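# Observations on the three-dimensional arrangement
Below are the chains, spelled out letter by letter.
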Amino acid sequence: MFGGPLPSALLLFELVALSGMVPSAALGSVLLPGFLASGTAALVFTGVDHWPGVAETVLRLPPLPDYPTVRLPDVAWCLLVALVAAVVVAGARRVARQLAGRTARISPVALLFGAGLAVGLLAVGFRAVSSQPVNLVLFSGEGALPQLVAETSAGLLALLLLVKGAAYTLSLGAGFRGGPTFPAVALGVVTGVLASILLPGLDLTPAVIAGVAAASSAALGLSFFGALLAALLAGSAAAETIPIAVIASVIGGLVATVLKRREARH
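The text that follows walks through the structure, step by step, so that each part is easy to find. Quick caveat, the model's predicted, so the values are computed rather than measured.

## Digging into the overall build of the chain
Summing up its helical and strand segments, the chain has 11 helices and 0 strands in all. Along the chain, helices and strands appear, N-terminal first, in the series α-α-α-α-α-α-α-α-α-α-α. Against the compact-globule benchmark of 18 Å for 266 residues, the chain has a radius of gyration of 19 Å, which places it among compact chains. If one aligns the C-alpha atoms of the chain with their principal axes, the spans along those axes are about 50 × 50 × 45 Å. Counting only residues that meet the buried cut, the chain has 42% of its 266 residues in that class. Long-range contacts, defined as pairs at least 24 residues apart, comprise 76% of the intrachain contacts of the chain with a sequence gap of at least 6. With an accessible surface of roughly 13500 Å², the chain has 69% of that area assigned to carbon and sulfur atoms. Placing the 14 positive and 10 negative side-chain charges of the chain at their respective mean positions leaves the two points 20 Å apart.

## A word on the pattern of salt bridges
This structure, assessed with the given rule, holds 2 salt bridges. The network of salt bridges with shared partners includes R71, D74 and D203.

## Brief notes about unusual backbone geometry
A positive phi angle is found at S131, which is not glycine, with a value near 60 degrees. Within the secondary structure, S131 is located in the loop between α5 (108-130) and α6 (145-150).

## Observations concerning the nonpolar core
In terms of nonpolar packing, the biggest core is built from 67 residues, with L61, V89, L148 and V189 touching the most fellow members. At the level of elements, α4 (72-102), α5, α6, α7 (154-174), α8 (181-198), α9 (204-220), α10 (223-233) and α11 (238-265) are the ones that each hand at least two residues to this core.

## Side note on a nonpolar patch on the surface
On the surface, a nonpolar cluster with roughly 500 Å² of combined accessible area is contributed by L43, V44, F45, V48, W51 and V54. Mapped onto the fold, F45 is located in helix α3 (residues 43-46). Residue classification places F45 among the partly exposed residues on the basis of a relative accessible area of 38%.

## A look at α4
One turn of an α-helix holds 3.6 residues; hence residues three or four places apart share an orientation. Taking 1.5 Å as the rise per residue, α4 with 31 residues should run 45 Å; its terminal C-alpha atoms sit 45 Å apart, in good agreement. When α4 is considered as a whole, its buried residues turn out to be D74, C78, V81, A82, A85, A86, V89, A90, A92, R94 and A96. Next to the buried residues of α4 lie α7, α8, α9 and α11.

Calculation criteria
- Residues numbered from 1 in each chain as written.
- Predicted model: local features only at pLDDT ≥ 70, side-chain atom pairs only at ≥ 80, totals over all residues.
- Heavy atoms only, no water.
- Helix = DSSP H or I, 4+ residues; strand = E, 2+ residues; numbered from the N terminus.
- Rg over C-alpha atoms; globule rule 2.2 N^0.38 Å.
- Buried < 20%, exposed > 50% of the residue type's maximum accessible area, 1.4 Å probe, protein only.
- Contact = heavy atoms within 4.5 Å.
- Areas by Shrake-Rupley, 256 points an atom, 1.4 Å probe, with all protein chains shown as cover.
- Lys, Arg positive; Asp, Glu negative; His and termini not counted.
- Charge placed at Lys NZ, Arg CZ, Asp CG, Glu CD.
- Salt bridge = Lys/Arg side-chain N within 4 Å of Asp/Glu carboxyl O.
- Core = buried A, V, L, I, M, F, W, Y, C linked by side-chain atoms within 4.5 Å.
- Patch = residues over 30% accessible without salt bridge, like charges linked within 9 Å, V, L, I, M, F, W, Y side chains within 5 Å.
- Expected span 1.5 Å × (residues − 1).

In structure tokens, the structure reads:
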């Protein structure tokens, strides 16, 4: 899903390290068999010789505009982009956990039906207001990334950030199966594109990369993985945007940590 075994290996490495269930000296040996298995299994998707392999769902951005060098205004603005993206995603996950706790006594079937209806109404309402397809709100978001990056309406993006964030919260809180990462990336892209429209002098490419890094890091609490994922999605602009991706990812991880600690105290 993340373009190969290396990002997934780093994802697992951080998750296992944070769990504290495996001594640090044993992390490499514990993950090595799975790492080898994922590398050889990747041949199923890449293909061998004349066999093209099978189709796969891969998270990827459309080609971003050239970004030849990092500019100081971009770095400054991207701090704000990262903070907003992290607050949106980490805040949505916090509200989802609270929702799950308060609805624990409700039948899972009734809860899923109710949340599904609410998400559907959000999508239909978004289409009625914006005349845009419901797919921008529904599903995990990777299929909508090209349209999101090309969007030029700040009002539409702001509305989408609100509506898709609510749908993300309801889906997680109700217990729908699926991962938190892809929708978080979509929300990060929306935040970055919106910022590039509203903030003077901010280029689209670093804004999107900052949003992706912060959002994915905030969703999982994994700063190393968030930076790597954003760098991979940056494509040809990876070398220039890696510093921004790292800074934004750390901000995302810190925001998620602060919100979790505040939640634990209450």
